[in-house]
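Descriptive analysis of the structure
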Amino acid sequence: MTKFNDYLKEQMKSPEFKAEYDALEPEFAIIQAIIDARKKKGLTQKDLSDKTGIAQGDISKLENGNANPSIRTLQRLASAMDMKLKIEFISN
């Protein structure tokens, strides 16, 4: 991981790269939140699929950043993990 971190640090020196990276941060945060919540509850993707009715392949796509979940989908995921979805706008 150190090689990647070194590479990322070097790339972040480019204003264009940094702007693109920063623009993707909210998506990465949602993906990580889904993964962290699922693991905290001790659920596999299959378990979460069974609880939500969302296909395991679709959950995999969400967690890999290959799909954009709707708010309704995020609510279904949260509910299946006995959680609430909270979305907020914060100042820079």
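Conventions we followed
- Residues numbered from 1 in each chain as written.
- Predicted model: local features only at pLDDT ≥ 70, side-chain atom pairs only at ≥ 80, totals over all residues.
- Heavy atoms only, no water.
- Helix = DSSP H or I, 4+ residues; strand = E, 2+ residues; numbered from the N terminus.
- Buried < 20%, exposed > 50% of the residue type's maximum accessible area, 1.4 Å probe, protein only.
- Polar contact = N/O pair within 3.5 Å; in protein donor to acceptor, adjacent residues only side chain to side chain.
- Contact = heavy atoms within 4.5 Å.
- Salt bridge = Lys/Arg side-chain N within 4 Å of Asp/Glu carboxyl O.
- 1 Å grid on protein atoms, 1.4 Å probe; cavity = no way out; pocket = protein on both sides within 12 Å on 5 of 7 lines; lining within 4 Å.
- Points joined across faces, edges and corners; volume = space filled by probe spheres on them.
- pLDDT = per-residue confidence, 0-100.

Focus on the side chain of Arg38
- Relative to the elements of secondary structure, Arg38 occurs in helix H2 (residues 15-40).
- Taking relative accessible area as the criterion, Arg38 reaches 10% and is therefore assigned buried.
- At 2.7 Å, the side chain of Arg38 and the side chain of Glu63 are in polar contact.

Here's the deal with the side chain of Glu63
- Turning to its location among the elements, Glu63 is positioned in helix H4 (residues 56-63).
- Classification of Glu63 by relative accessible area gives buried; the value is 8%.
- Among residues more than four places away in sequence, those in contact with Glu63 are Ile31, Ile34, Ile35, Arg38 and Gln45.

Some thoughts on the pattern of salt bridges
- Across all of its chains, the model carries 5 salt bridges by this definition.
- Asp50 serves as the salt-bridge partner of Lys46, at 2.8 Å between the closest nitrogen and oxygen. Pair noted here: Lys46 and Asp50 are both in helix H3 (residues 45-52), with a separation of 4 residues, about one helical turn.
- Of the residues examined, Asp50 reaches a relative accessible area of 52% and is grouped as exposed.
- The partner of Glu88 in a salt bridge is Lys86, with the nearest N and O atoms 3.9 Å apart.
- In this structure Glu88 comes out as exposed when scored by relative accessible area, which is 52%.

Here's the deal with the layout of surface pockets
- The computed volume of the largest pocket comes to approximately 480 Å³.
- If you go around the largest pocket, you meet 17 residues; those closest to its centre are Ile30, Ala33, Leu85, Lys86 and Ile87.
- Put simply, the parts of the chain that give the lining of the largest pocket at least two residues each are H2 and helix H5 (71-80).
- Looking at the lining of the largest pocket element by element, the count peaks at 7 residues for H2.

Details of the confidence of the model for the protein
- Scored by pLDDT, the protein comes out at a mean of 95, with 99% of its residues at no less than 70.
- Here helix H1 (residues 2-11) stands out as the least confident element of the protein, with mean pLDDT 91; H3 is the most confident, with 98.

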